[in-house]
Amino acid sequence: MISGAEIMVKCLEIEGVKTVFGYPGAAICPFYDFLCRSKIEHVLVREEQNAAHEASGYARAAGVPGVCVATSGPGATNLITGIATAYMDSVPLIAITGQVNQWLLGRDVFQEADITGACESFTKHSYLVKNAADLPRIFKEAFHIASTGRPGPVLIDVPTDVQKQMVASFSYPQKAQIPGYKPRTQGHAIQIRKAAEAISKAKRPLLCCGGGVVLAGARTEMIEFAEKTGIPIVSTMMGLGVVPMDSPVYLGMIGMHGHENANRAMHDADLILLCGARVGDRAVSDPQQVSDTTKIVHIDIDPAEIGKNMDVDIPIVGDIRLVLRALAAETDYTAPAEWIEHVKAEKAAFVPKGSPRDDYVEPRSFMRVLSRMMAKNAIFCADVGQNQIWAAKNFNVKEGRFLTSGGLGTMGYALPAAIGAKLAKPHRQVVCVCGDGSFQMSMCELATLKQTGADVKIILMVNERLGMVWELQTKLYDGRHTATTLTGSPDFVKLAEAYGIPATEVSSNAQAELAAKRMLESDGPFLLVCRVDPDEPTL
Amino acid sequence: MKHTLSVLVENQPGVLSKVAGLFSRRGFNIDSLAVGVTQDADISRMTIVVDGDEHIVEQVEKQLNKLIPVIKVKVLEPGMFLSSEHALIKVTCRAKQHAEIMNIAELLHASIVDVSPASLTLEITGSEDRLNTLIGLLKPYGIKEVVRSGALAIEKGASTALKQNAKA
């Protein structure tokens with residue numbers, strides 16, 4: 001005989017899970033009781049939302065589903081923002097929640113929450129387990145669903161009595177059998193031929209690379225395709241890091257916070273190949289305007305993304321990596337030299353903003369310096385707000401990764417995601433940047449950082465305000481600055497030191513550069529507080 | 001424009017809420033939704049009537065297909081399917097009006113399924129138009145309650161959605 005809780009742990013072991021992020025409570029105690037007998041490492045977070053973000057950072061760095069665990073009721077509801085964040089950025093995540101005993105379900109008993117119902121609109125799928133015998137099938141399906149097709153979060157809610165329920169034996173299914181779930185990975189040959197034909201006629205073609213390219217591991221294919229055809233690349237924020245900023249084929253990031261030359265290239269192109277990009281409103285503010293004049297080829301593994309926000313001429317459903325390979329085999333095209341020269345000249349004419357100063361740290365120029373100092377394959381996590389845009393536009397991701405909450409725009413994401421990423425890739429340099437607004441949403445994770453000993457470096461851009469909203473209020477609300485001043489913040493250096501984490505504060509680029517160098521050379525976690533001019537603009 | 005979708009789903013608890021929730025959160029307009037089990041006890045069919053243009057119906061189809069328990073979505077081609085709805089209509093009716101109402105029922109192939117001193121209950125199965133006609137004719141008598149099933153639809157001829165998905 002074997003209990004449901006033991007089955008749950010065995011399923012995780014068989015799936016190769018090495019680390020889970022969680023916070024125990026009464027309703028998940030049977031599971032924890034077996035988890036501690038397993039070799040799976042458990043990371044005790046300080047608030048459940050961070051468990052989901054840490055699992056998300058882990059998943060994105062490791063390329064396998066991240067696992068987070070919480071108890072019923074408030075534990076489960078605290079996971080919601082992390083689950084929704086993972087959903088919007090297509091991160092494979094398994095969220096396991098304890099639930100009250102089945103016979104109490106629906107009675108609003110202590111710590112009961114209908115978490116499968118609450119997460120319905122931002123999980124790829126969810127399960128409320130009614131019988132322990134179903135657990136192996138459900139775990140098999142959950143991992144399969146989370147990590148195939150367009151990845152996403154799957155929630156498994158397990159009542160306490162199911163965790164305690166004894167079943168005769170355990171066997172793990174070889175395959176998940178879900179009649180309605182068969183993601184298509186190979187692009188349709190006829191569609192690929194049509195795309196190749198359209199490319200052959202294009203005078204001003206452009207590749208637009210989204211987060212799907214990162215998820216598909218199609219970096220090499222993307223760059224090879226661009227180099228073979230000479231078609232330049234722009235990226236969305238989620239596509240950052242696929243092509244290094246200084247690559248000759250790369251023009252920059254598009255969108256309302258993007259590079260002007262990249263946006264102009266989108267506007268001027270007569271053919272755009274959207275690759276794993278969902279054409280979000282922050283990337284393309286008016287899709288109809290683009291589609292009226294431009295031929296659009298849209299490649300995505302999720303058919304529902306194609307045509308959702310933009311009219312598409314040639315849809316291709318499939319894995320970007322396979323589709324780009326097939327497309328490369330179909331075409332001998334070389335982009336017209338005139339177009340290449342045009343976009344290159346526009347890129348060369350683009351002058352990056354921000355220059356070093358002595359009274360404050362100038363974040364844009366500091367980001368450029370920082371990316372030169374960091375390891376080629378470093379993982380860089382940006383939070384949400386001005387710090388994110390300063391980083392996205394100026395940090396050159398070379399062979400590493402750029403992690404940020406691009407879809408939901410979740411403040412407080414960077415620190416926990418960086419901890420998760422470091423635990424997934426302990427030998428890679430991991431640095432995160434936060435603002436003083438976003439950092440205060442997850443600074444309790446300094447304790448998790450200390451407890452795990454994860455070597456994560458934190459750059460904290462302090463301007464004592466919610467800079468992006470402040471700017472919005474300046475422009476659109478007649479300068480009425482409501483609730484955007486961060487008074488009452490702690491002394492962040494002392495705060496870090498209270499956790500036993502070394503920290504230093506700097507207020508000029510010269511100091512920041514020196515301090516960053518020392519920080520990167522130091523062992524273990526470090527907090528670098530950078531004083532930024534409160535009036536420093538986002539763009 | 002109205003579009004009729006035939007959707008095969010796994011017969012599991014919570015599927016209806018997943019489908020209905022998708023419509024509300026994505027802002028699609030459901031005209032009617034009818035659910036029942038198919039000849040395979042593990043599979044249910046939902047017949048969904050949606051109001052919207054071609055773009056909306058394409059999105060509905062794609063978004064429904066993303067739901068894991070959804071096995072197949074088929075947008076039925078206009079003119080190529082039979083559609084029928086069932087309704088129960090309770091009318092305020094004194095004894096001397098019985099004959100009039102029975103005449104109306106006969107005209108529209110409805111049946112009287114319950115009689116009381118103050119009411120008559122009619123049952124009708126047929127097209128949406130026929131149901132609306134009957135309701136319109138009964139209105140002057142005073143309709144106490146109408147219960148409609150929502151449209152059911154099946155393709156004409158031999159083709160079926162289920163056949164292609166029968167379990168291997």
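For the structure itself, consult the block above.
Report on the accompanying structure. These numbers were taken from a predicted model, which means no experiment stands behind them.

1. Let's talk about the pattern of salt bridges
It is possible for side chains of opposite charge to pair when their charged atoms get near one another.
Then comes step 1: The full count for this structure, using the stated rule, is 28 salt bridges over all chains.
Then comes step 2: Sharing partners across several salt bridges, the network here consists of Arg357, Asp359, Glu362, Arg364, Asp533 and Glu536 of chain A.

2. Description of the packing of aromatic side chains
All names here are of chain A.
Then comes step 1: Enumeration according to the criterion identifies seven aromatic pairs over all chains in this entry.
Then comes step 2: Arranged with centres 6.3 Å apart and planes meeting at 25°, the rings of Phe170 and Tyr172 form a pair that is stacked.
Then comes step 3: A relative accessible area of 22% places Phe170 in the partly exposed class.
Then comes step 4: Relative to Phe395, the ring of Phe380 has its centre 3.9 Å away and its plane inclined at 10°; by these criteria the two rings are stacked. Taken as a pair, Phe380 in strand β15 (residues 379-382) and Phe395 in the loop between α16 (386-394) and β16 (401-404) lie far apart in primary sequence, 15 residues in all. For the pair formed by Phe380 and Phe395, the shared burial category is buried.
Then comes step 5: Connected via pairs of aromatic rings, a cluster forms that spans Phe380, Phe395 and Phe402.
Then comes step 6: The side chain of Arg37 reaches across the aromatic face of Phe34, ending 4.2 Å from its centre.

3. Quick notes on a negative patch on the surface
Then comes step 1: A cluster of like negative charges, contributed by Asp286, Asp292, Asp311 and Asp313 of chain A, occupies part of the molecular surface.
Then comes step 2: Overall, the relative accessible area of 42% leaves Asp313 of chain A in the partly exposed class.

4. Describing the interface of chain B and chain A
Then comes step 1: Taken together, the contacts link 16 residues of chain B with 18 residues of chain A.
Then comes step 2: Here chain B packs against chain A, burying approximately 1400 Å² in sum over the two surfaces, 51% of which is carbon and sulfur.
Then comes step 3: Remark: the boundary between chain B and chain A carries two salt bridges.
Then comes step 4: The partner of Asp302 of chain A in a salt bridge is Lys66 of chain B, with the nearest N and O atoms 2.7 Å apart.
Then comes step 5: Across the contact surface, chain B and chain A share seven residue pairs in polar contact (both at pLDDT 80 or more).
Then comes step 6: For the side of chain B that touches chain A, the secondary-structure elements that each account for two or more residues are α1 (15-26), α2 (54-66) and β4 (70-75) of chain B.
Then comes step 7: In terms of residue count, α2 of chain B provides more of the side of chain B that touches chain A than any other element does, seven residues in total.
Then comes step 8: The residue makeup of the side of chain B that touches chain A, split by class, is four nonpolar, five polar and seven charged.

5. A closer look at the packing of helix α1 (residues 4-14) of chain A against helix α6 (residues 135-147) of chain A
Residues and elements named next belong to chain A.
Then comes step 1: Contact pair α1 / α6: the axes reach a minimum separation of 9 Å and the direction vectors enclose 30°. Taken together, the axes of α1 and α6 are roughly parallel relative to one another. The handedness of the crossing between α1 and α6 comes out as right-handed. Within the contact between the two elements, α1 uses Gly4, Ile7, Met8, Cys11 and Leu12 and α6 uses Leu135, Pro136, Phe139 and Phe143.
Then comes step 2: Split by residue class, the contact of α1 with α6 holds eight nonpolar, one polar and no charged.

6. Notes on the nonpolar core
Burial of nonpolar side chains together is a common tendency in soluble globular proteins.
Residues and elements named next belong to chain A.
Then comes step 1: Ranked by size, the top nonpolar core spans 86 residues in total, and within it Phe366, Leu370, Phe380, Ile459 and Leu528 carry the most contacts.
Then comes step 2: For Ile459, the contacting residues outside a window of four places in its chain are Phe366, Leu370, Val431, Cys432, Val433, Cys434, Met519, Leu528 and Cys530.
Then comes step 3: With 53 residues, the next largest nonpolar core counts Phe21, Ala86, Ile115 and Cys119 among its residues.

7. What about the sheet that holds strand β11 (residues 250-253) of chain A?
Strands belonging to one sheet form pairs held by backbone hydrogen bonds; the direction of such a pair is parallel or antiparallel.
Residues and elements named next belong to chain A.
Then comes step 1: Sheet architecture is open: six strands sit in the order β11-β10-β9-β12-β13-β14, paired in parallel fashion. Two strands lie at the open edges of the sheet, namely β11 and β14 (314-317), each paired on one side alone. Direction aside, the axes of adjacent strands within the sheet are offset by 15° on average.
Then comes step 2: Here strand β12 (residues 271-275) pairs with strand β13 (residues 295-300) via five bridges, running parallel. When the bridges of β13 are listed, Leu271 appears paired with Lys295.
Then comes step 3: With respect to the sheet, helix α11 (residues 260-268) is in contact with β9 (205-209), β10 (233-235), β11 and β12, its orientation differing from that of β11 by roughly 105°.

8. Brief notes about the sheet that holds strand β6 (residues 125-128) of chain A
Residue and element names in this part refer to chain A.
Then comes step 1: The strand order across the open sheet formed by six strands is β3-β2-β4-β5-β7-β6, and the pairing between neighbours is parallel. Edge positions in the sheet fall to β3 (41-44) and β6, since each has one partner strand and no second. Averaged over all pairs of adjacent strands, the angle between strand axes in this sheet comes to 20°, irrespective of strand direction.
Then comes step 2: Where strand β2 (residues 19-22) and strand β4 (residues 66-70) come together, three bridges link them in parallel fashion. Its bridge partner lying in β4, Val20 is registered against Val67.

Cut-offs and rules
Residues numbered from 1 in each chain as written. Chains lettered and ligands numbered in written order. Predicted model: local features only at pLDDT ≥ 70, side-chain atom pairs only at ≥ 80, totals over all residues. Heavy atoms only, no water. Salt bridge = Lys/Arg side-chain N within 4 Å of Asp/Glu carboxyl O. Phe/Tyr/Trp six-rings, centres within 6.5 Å; stacked < 30°, edge-to-face > 60°. Buried < 20%, exposed > 50% of the residue type's maximum accessible area, 1.4 Å probe, protein only. Helix = DSSP H or I, 4+ residues; strand = E, 2+ residues; numbered from the N terminus. Lys NZ or Arg CZ within 6 Å of the ring centre and 35° of its normal. Patch = residues over 30% accessible without salt bridge, like charges linked within 9 Å, V, L, I, M, F, W, Y side chains within 5 Å. Areas by Shrake-Rupley, 256 points an atom, 1.4 Å probe, with all protein chains shown as cover. Lys, Arg positive; Asp, Glu negative; His and termini not counted. Charge placed at Lys NZ, Arg CZ, Asp CG, Glu CD. Contact = heavy atoms within 4.5 Å. Buried area = accessible area lost by both parts, 1.4 Å probe. Polar contact = N/O pair within 3.5 Å; in protein donor to acceptor, adjacent residues only side chain to side chain. Nonpolar A, V, L, I, M, F, W, Y, C, P; charged D, E, K, R; others polar. Axes fitted to C-alpha atoms, helices over the stretch in contact; angles between N-to-C directions. Parallel < 35°, antiparallel > 145°, perpendicular 65-115°, else oblique. Left-handed = near helix turned anticlockwise from the far one by under 90°. Core = buried A, V, L, I, M, F, W, Y, C linked by side-chain atoms within 4.5 Å. Pairing = 2+ DSSP bridges.

Worth remembering: the numbers are spatial, not functional.
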